[in-house]
Amino acid sequence: MNVVEAIRTRRSVGKVKQDPVPQESIEQILEAGTWAPNHKHTEPWRFFVMRDGGRELLGNALADIAQSKAGEKTEEEVAALRESAQSKAMRSPIVIGVAVVPSDDPKVIELEEYGAVFAAIQNMLLQAHALGLGAVWRTGDPCFHPLMNEAFGLREKDKMLGFIYLGFPDMDTKSGKREDAASKTVWVNEPIERLNGSNQS
């Protein structure tokens, strides 16, 4: 699969089989992530591969976060909330947490560290697709909750940028659709002081 085909045909696969994923495939996906561009070669990504009972690490974190937001609920309702949250970690045989650990170097722009890890995630999704695996990148408020950092041993300034749920596809995917690049592009061919805001609509 060439790179253009991989980019155009990759889709989020939210339903996968519970069949084991080969160790070699997981390692290839992780290695793909490490080849993302990153300023000053800080390599700010951290990967957490969870499988089998290890997925309970994520499940318990999600349950704790759900409970922390439960408010005035009965014990039975809280138990149900926790069970529902914990089950989310079991939707695929492999879950890879991807976190950003920004450099402490004051010369490094923190936002650029985030960009590097987002690029690493895209590399990982493309590699998974090229290997015939299904993957979906799940994010949301729980990722950025202090209890998530606590569960994964992350510092306050670090952030979990999402979880890649990985497995063999158990669903059909539809063709993708994007607006033409021309509708999102401004070509600047001659000296100009500034662009009019209408050019960027």
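Data block above holds the structure.
Residues take numbers from 1 onward in each chain, read along the sequence in its written order. Owing to the predicted nature of the model, reporting of local features is limited to residues with pLDDT of at least 70; listing and counting of side-chain atom pairs is limited to 80 or more, with chain, interface and lining totals taken over all residues. In computing side-chain properties, one takes all heavy atoms of the structure into account and sets aside hydrogens as well as water.

> Now, about the overall build of the protein chain: what can you tell me, with residues and values included?
Across its full length, the protein chain holds six helices and four strands. Numbering of helices and strands runs from the N terminus; a helix is a DSSP stretch of H or I covering at least four residues, while a strand is a stretch of E covering at least two. Mapped in sequence order, the helices and strands of the protein chain form the string α-α-β-α-α-β-α-β-α-β. When burial is assessed residue by residue, the protein chain has 34% of its 201 residues classed as buried. Any two residues having at least one pair of non-hydrogen atoms within 4.5 Å are treated as being in contact. Relative to all contacts within the protein chain whose residues are 6 or more apart in sequence, the contacts with residues 24 or more apart total 79%. Working definition of accessibility: Shrake-Rupley area with a 1.4 Å probe, residue cover restricted to the visible protein chains. Accessible area of the protein chain: about 12,700 Å², with a carbon and sulfur share of 50%. For the purpose of counting charges, residues Lys and Arg are taken to be positive, whereas Asp and Glu are taken to be negative. His and the chain ends are not included. Here the site of a charge means NZ on Lys, CZ on Arg, CG on Asp, or CD on Glu. Considering the protein chain, the positive charge centre built from 24 side chains and the negative charge centre built from 29 side chains are found 5 Å apart. Residue burial is assigned from relative accessible area. The probe radius is 1.4 Å, only protein chains are included, and a residue is buried under 20% of its type maximum, exposed over 50%, and partly exposed in between.

> Can you lay out helix α2 (residues 23-34) for me, pointing to particular residues and giving the numbers?
Under the 1.5 Å per step criterion, the end-to-end length of α2 is 17 Å for 12 residues, consistent within 8% with the ideal 16 Å. When α2 is considered as a whole, its buried residues turn out to be Ser25, Ile26, Ile29, Leu30, Ala32 and Gly33. Take α2 and look down its axis: the buried residues cluster within an arc of 155°, on one side only. Tucked inside the fold, the buried residues of α2 contact β1 (45-51), β2 (94-100), α5 (110-130) and β4 (159-167). One fewer than the residue count of a helix, multiplied by 1.5 Å, yields its expected span. Regarding the arc, it is the one traced by the directions from the helix axis to the C-beta atoms.

> Lay out the pattern of salt bridges with the relevant residues and their values.
For this document, the term salt bridge refers to a Lys or Arg side-chain nitrogen within 4 Å of an Asp or Glu carboxyl oxygen. Enumeration according to the criterion identifies six salt bridges in this entry. Measuring nitrogen to oxygen at the nearest pair gives 3.2 Å for the salt bridge that ties Asp104 to Arg155. Of the two residues, Asp104 is situated in the loop between β2 and α5 and Arg155 in the loop between α6 (146-151) and β4; the sequence distance between them amounts to 51 residues. Sharing partners across several salt bridges, the network here consists of Asp104, Arg155, Lys157 and Asp158.

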